[in-house]
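Examination of the molecular architecture
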Amino acid sequence: MDIFNKSQLELRSNPNLLINGDISVDQRNGFVTTPLSGATIYYQDRWIYRAAVGVGSSGNVGHGKNQAWTYTYVSHKGATSYGYLAQKFECDTVSKLEGKAVTFSANVQFDNNVDSVITCYWVEAGSWDALSPTINTPIFTGSGARESVSATFTVPTVSTWSPTVKYALVIRFDYVSEGNIIPDGTYRFSNLKLELGSVS
């Protein structure tokens, strides 16, 4: 079945387009606890993590459990910029997502009230440089409580597709407070999903 071309009936059982949506699989044993200043690093299978920390500051990632839910956490102290979790789609059929409506959803709990934005753009498979307009979709302002959040947006288009270029789609979960800085604290995520259509 082509997951990028679905009928309304098929959309009722929408598969998650994100791989390793709970960020729990680590086949490469790439677990990192103290990223370098401002580093963008490979975290666990398919996921990239931006540390958003400065000189004399610290950041770490891991897994925890709180009130019967398991989550991935990112802790920041002395951050000097924004942070994000990101995944890059590189399959041969990913171009079929161009111009289609998709819905991102997740369970989150943040120690601080920070704004979250879903960022989406096309790149060449071996690069992180945007080839298309970047879609920035505000998703929520965290309240400190555990909550489910979602946002629907249209995947951007690329002006000219080349048959000799392998393209990839970047989905990024950004979080930041005023002044483009993350307050000290822990930011928890679970059950990250990207589904075709407007219903998560």
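What counts and what doesn't
- Residues numbered from 1 in each chain as written.
- Predicted model: local features only at pLDDT ≥ 70, side-chain atom pairs only at ≥ 80, totals over all residues.
- Heavy atoms only, no water.
- Helix = DSSP H or I, 4+ residues; strand = E, 2+ residues; numbered from the N terminus.
- Buried < 20%, exposed > 50% of the residue type's maximum accessible area, 1.4 Å probe, protein only.
- Pairing = 2+ DSSP bridges.
- Polar contact = N/O pair within 3.5 Å; in protein donor to acceptor, adjacent residues only side chain to side chain.
- Axes fitted to C-alpha atoms, helices over the stretch in contact; angles between N-to-C directions.

**Brief notes about unusual backbone geometry**
Of note, the phi angle at Asn-20 is positive, near 60°, even though the residue is not glycine. Here Asn-20 lies in the loop between helix 1 (8–11) and strand 1 (40–42). Although it is not a glycine, Asn-191 sits at a positive phi angle of roughly 55°. By the secondary structure assignment, Asn-191 is in strand 11 (residues 185–196).

**Side note on the pairing of strand 2 (residues 47–50)**
Alternating residues of strand 2 divide into Trp-47 and Tyr-49 and Ile-48 and Arg-50, and every residue in both groups is buried. In this structure, strand 1 lies alongside strand 2, joined through 3 bridges in antiparallel fashion. Its bridge partner lying in strand 2, Tyr-42 is registered against Ile-48. Counting the residues between successive antiparallel strands, the hairpin from strand 1 to strand 2 contains 4 residues, one of them, Arg-46, with a positive phi of roughly 80°. Bridge count for strand 2 against strand 5 (residues 83–89) is 4 bridges, and the pairing is antiparallel. Paired with Ile-48 across the strands is Ala-86, a residue of strand 5.

**What about the environment of Trp-122?**
By secondary structure assignment, the location of Trp-122 is in strand 7 (residues 115–124). Residue classification places Trp-122 among the buried positions, given a relative accessible area of 0%. Sequence-wise, Trp-122 and Ala-168 are 46 residues apart; in three dimensions their C-alpha atoms are separated by 5.8 Å. In terms of polar contacts, Trp-122 uses its side chain to reach the backbone carbonyl oxygen of Pro-156, at 2.7 Å.

**Quick look at the sheet that holds strand 10 (residues 167–176)**
Strand pairing in a sheet relies on backbone hydrogen bonds, with the paired strands running either antiparallel or parallel. Pairing is antiparallel across the open sheet formed by 6 strands, whose spatial order is 1-2-5-10-7-8. Two strands close off the open sheet at either side, each with one partner strand: strand 1 and strand 8 (135–141). Taken pair by pair, the neighbouring strands of this sheet meet at an average axis angle of 20°, ignoring direction. Bridge count for strand 7 against strand 8 is 6 bridges, and the pairing is antiparallel. Looking across to strand 8, one finds that Ser-116 is bridged to Phe-140.

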